[in-house]
Amino acid sequence: MLEKFGIGLDIVKVSRFKNKPYLSNKKFYSKIFTNNEIKYCLNFKDPYPHFAGKFALKEATIKATRKKILIKEIETSHGKFDEPIVFSSKINDFHFESSLSHEENFAIAIVISFSTKKNRL
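In this report, the structure presented in the accompanying data block is examined. The numbers attached to residues start from 1 for each chain and follow its sequence in the written order. Note on the predicted model: pLDDT of at least 70 is required for a residue's local features to be given, and 80 or more for side-chain atom pairs to be given and counted; whole-chain, interface and lining totals, by contrast, use all residues. Note: side-chain values were computed over all heavy atoms of the structure, leaving out hydrogens and water.

**Quick notes on the pattern of salt bridges**
Selection criterion: Think of a salt bridge as a Lys or Arg side-chain nitrogen and an Asp or Glu carboxyl oxygen that are within 4 Å of each other. Where helices and strands are cited, they refer to DSSP runs of H or I of at least four residues and of E of at least two residues respectively, numbered from the N terminus. Only protein chains enter the accessibility calculation, which uses a 1.4 Å probe; a residue is then buried when its area is under 20% of its type maximum, exposed when over 50%, and partly exposed in between.
Tallying each qualifying case throughout the model produces 3 salt bridges. The shortest N-O distance in the salt bridge between Asp 10 and Lys 63 comes to 2.8 Å. Taken together, the residues Asp 10 in strand β1 (residues 5-13) and Lys 63 in helix α4 (residues 48-65) connect sequence positions 53 residues apart. The exposure class assigned to Asp 10 is buried, which follows from its relative accessible area of 11%. Taking the relative accessible area as the measure of exposure, Lys 63 reaches 38% and is therefore partly exposed. With its nearest N and O atoms 3.1 Å apart, the salt bridge here joins Asp 46 to Lys 18. Taken as a pair, Asp 46 in the loop between α3 (35-42) and α4 and Lys 18 in helix α1 (residues 15-18) lie far apart in primary sequence, 28 residues in all. The exposure class assigned to Asp 46 is partly exposed, which follows from its relative accessible area of 31%. Residue Lys 18 is classed as partly exposed on the basis of its relative accessible area, which comes to 41%.

**Some thoughts on α4**
Because each turn of an α-helix spans 3.6 residues, side chains separated by three or four positions in sequence point in the same direction. Let me state the cut-off plainly: Residue count minus one, scaled by 1.5 Å, sets the expected span of a helix.
Here α4 spans 26 Å end to end across 18 residues, near enough to the 26 Å set by a 1.5 Å rise per residue. Of all 18 residues making up α4, 15 are buried, and the element is well covered by its neighbours. Positive phi appears at Arg 66, one or two residues downstream of α4, with a value of about 55 degrees.

**Regarding the environment of Ser 113**
Applied cut-off: Residues are treated as being in contact if the distance between any of their heavy atoms lies within 4.5 Å.
For Ser 113, the position within the fold is in strand β5 (residues 106-115). The class of Ser 113 is buried, set by a relative accessible area of 1%. Separated by 105 residues in the primary sequence, Ser 113 and Gly 8 have C-alpha atoms spaced 8.3 Å apart. With residues up to four places along the chain from it excluded, the contact list for Ser 113 reads Lys 4, Phe 5, Gly 6, Ala 64, Thr 65, Phe 94, His 95 and Phe 96.

Scope: geometric values only; no functional claims are made or implied.
Below, the structure is given as structure tokens:
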């Protein structure tokens with residue numbers, strides 16, 4: 001049986017976040033990221049590649065599900081092997097596989113979503 005799936009890809013310039021320092025733009029960050037995501041990113045000496053990566057992961061998730069969902073309704077975390085994990089109670093009928101990378105100026109994420117509902121095709 002075939003499963004319904006979607007693929008989303010997003011790339012983000014790290015400078016989009018680096019040019020908006022967290023301490024003077026907390027309201028901006030709180031509109032995009034959960035408290036856990038902000039805490040995670042701020043644990044790094046340079047949090048901005050991590051903010052960009054999480055943003056790319058959220059955008060790729062929206063593209064993979066083809067659902068109208070607010071970016072803050074998606075939460076990202078990390079698994080046992082530091083792999084990115086995506087969760088949203090608004091789109092709980094999907095399973096996600098994802099990958100995330102950041103390198104100097106860019107962060108990129110890919111998400112593959114699989115419908116958990118039977119007979120979606």
